[in-house]
Amino acid sequence: MGFKCGIVGLPNVGKSTLFNALTQTAAAAAANYPFCTIEPNVGLVPVPDPRLDTIARIGGSAQIIPTQITFVDIAGLVRGASKGEGLGNQFLSHIREVDAVCHVLRCFEDGDITHVEGRVDPLGDADIIETELMLADLESLEKRVPAMQKKAKGGIDEETKVRLELMERALVVLREGKPARAVEVTKDEAPLFSTLDLITAKPVLYVCNVDEGSAATGNKFSEMVAERAKAEGAAYVVISAAIEAEVAQLDAEERSAFLADLGLEETGLARMIRAGYALLGLITYFTVGPKEARAWTIVKGTKGPGAAGVIHSDFERGFIRAETMAYDDYVKFNGEQGCKDNGRLRQEGKEYVVADGDLLHFKFNV
């Protein structure tokens, strides 16, 4: 698995420009007018991980296959979208399908690029989008809860009872003007809560789109967003969509030189992915052999059988054990044989919690 991010934002904040750069395509028509994106655009982007190149070199792998992140570029929402303004709420269903919501916020001043609200105020922009998403969640629950309550009078099973309680708690929070993320749920309730498909229950990554001169240091606007993210427990990243658009056209060597000149060590894409992984609690493990070196994404805390299941359900069902090497050991001892010779290749069973960077070879029987 990778993860799926829905990119949302008001018109003309640089959302589609960023999407184009991230996916290195022109699939989303970036233009200086509202609603230039009238269908959600989906882009699969390889996740940059220098460890994979190192593993492939040591393992003599013929092919390198990174894990992928899916970006969904969703048309610009405006005030009143949940009630049908602008392009309306036809796009909200696409947001319900993602793992995290990336709010692209305009953090730059440019008189040549119009703002739908007539000002530059990233926090105000975030409030408009969040309000529309909360109203959409509220409308959804207000339609579903009465029917569920009526059904409950005739007797319902325990799971449905818990689901109804969660929906009612979410309604209270949303009516107070708070996102569904503010609903307090227990560890046991969390999986069921996620099935309610509430947009504002999803983790948020604020993407501060700054001018080129502020890409390395941020600016007064991005600092405001950073304070908000910290207060909410959300993630944020500073990025220049204009720079990313230029970087997307360069080869690896030119890219490094270009970024260095700007005081940047890596692309905005890499920072976005790292922030997204941390937000969702994701880690990467690897498989390596003569044919290919490959990266796989799992949730932190996943045990051996679950990690195996990401490759194929048969691996999970018939899991016996996992031959395991830590990334640092694999590099230090120059591969699998070196790890064996130095006692660094371990046999791990069903209760082993996979660590970030592990190299795994699964033994299974079905």
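Worth saying up front: this structure is predicted, and the values here are computed from it rather than measured. (Residues numbered from 1 in each chain as written. Predicted model: local features only at pLDDT ≥ 70, side-chain atom pairs only at ≥ 80, totals over all residues. Heavy atoms only, no water.)

## What about the overall build of the protein?
Stage number 1. Along the backbone of the protein there are 14 helices and 12 strands.
Stage number 2. For the protein, restricting intrachain contacts to residue pairs at least 6 apart in sequence, the fraction spanning at least 24 positions comes to 69%.
Stage number 3. When the accessible surface of the protein is split by element, carbon and sulfur atoms take 50% of a total near 17600 Å². (Helix = DSSP H or I, 4+ residues; strand = E, 2+ residues; numbered from the N terminus. Contact = heavy atoms within 4.5 Å. Areas by Shrake-Rupley, 256 points an atom, 1.4 Å probe, with all protein chains shown as cover.)

## Examining helix α11 (residues 304–311)
Stage number 1. Those residues of α11 that fall on the buried side of the exposure criterion are Gly304, Pro305, Ala307 and Ala308. Seen end-on, α11 carries its buried residues on one side only, within an arc spanning 160°. (Buried < 20%, exposed > 50% of the residue type's maximum accessible area, 1.4 Å probe, protein only. Arc of directions from axis to C-beta.)

## Comments concerning the confidence of the model for the protein
Stage number 1. Of the residues in the protein, 89% have a pLDDT of 70 or more, and the chain-wide mean is 87.
Stage number 2. Within the protein, the lowest mean pLDDT, 74, falls on helix α3 (residues 92–96), and the highest, 98, falls on helix α13 (residues 327–332).
Stage number 3. In the model, residues 26–38 has pLDDT below 50 throughout and makes 35 contacts with residues more than four positions away in sequence or in other chains. (pLDDT = per-residue confidence, 0-100.)

## Observations concerning the pairing of strand β6 (residues 204–210)
Stage number 1. With 7 of 7 residues buried, β6 is to be regarded as a mostly interior element.
Stage number 2. Neither face of β6 is open: one carries Val204, Tyr206, Cys208 and Val210, the other Leu205, Val207 and Asn209, and all of them are buried.
Stage number 3. Pairing geometry for β6 and strand β7 (residues 235–239), over 5 bridges, is parallel. Residue pairing in the sheet places Cys208 in a bridge with Val238 of β7. (Pairing = 2+ DSSP bridges.)

## Observations regarding unusual backbone geometry
Stage number 1. One non-glycine residue, Asp197, lies in the positive phi region at around 55°.
Stage number 2. Within the secondary structure, Asp197 sits in the loop between α6 (190–194) and β6.
Stage number 3. On the basis of relative accessible area, Asp197 is assigned to the partly exposed category, the value being 40%.
Stage number 4. Of note in the backbone geometry, Asn334 takes a positive phi value of approximately 60° without being a glycine.
Stage number 5. With respect to the helices and strands, the residue Asn334 is situated in the loop between α13 and α14 (336–341).
Stage number 6. What makes Asn334 exposed here is its relative accessible area of 57%.

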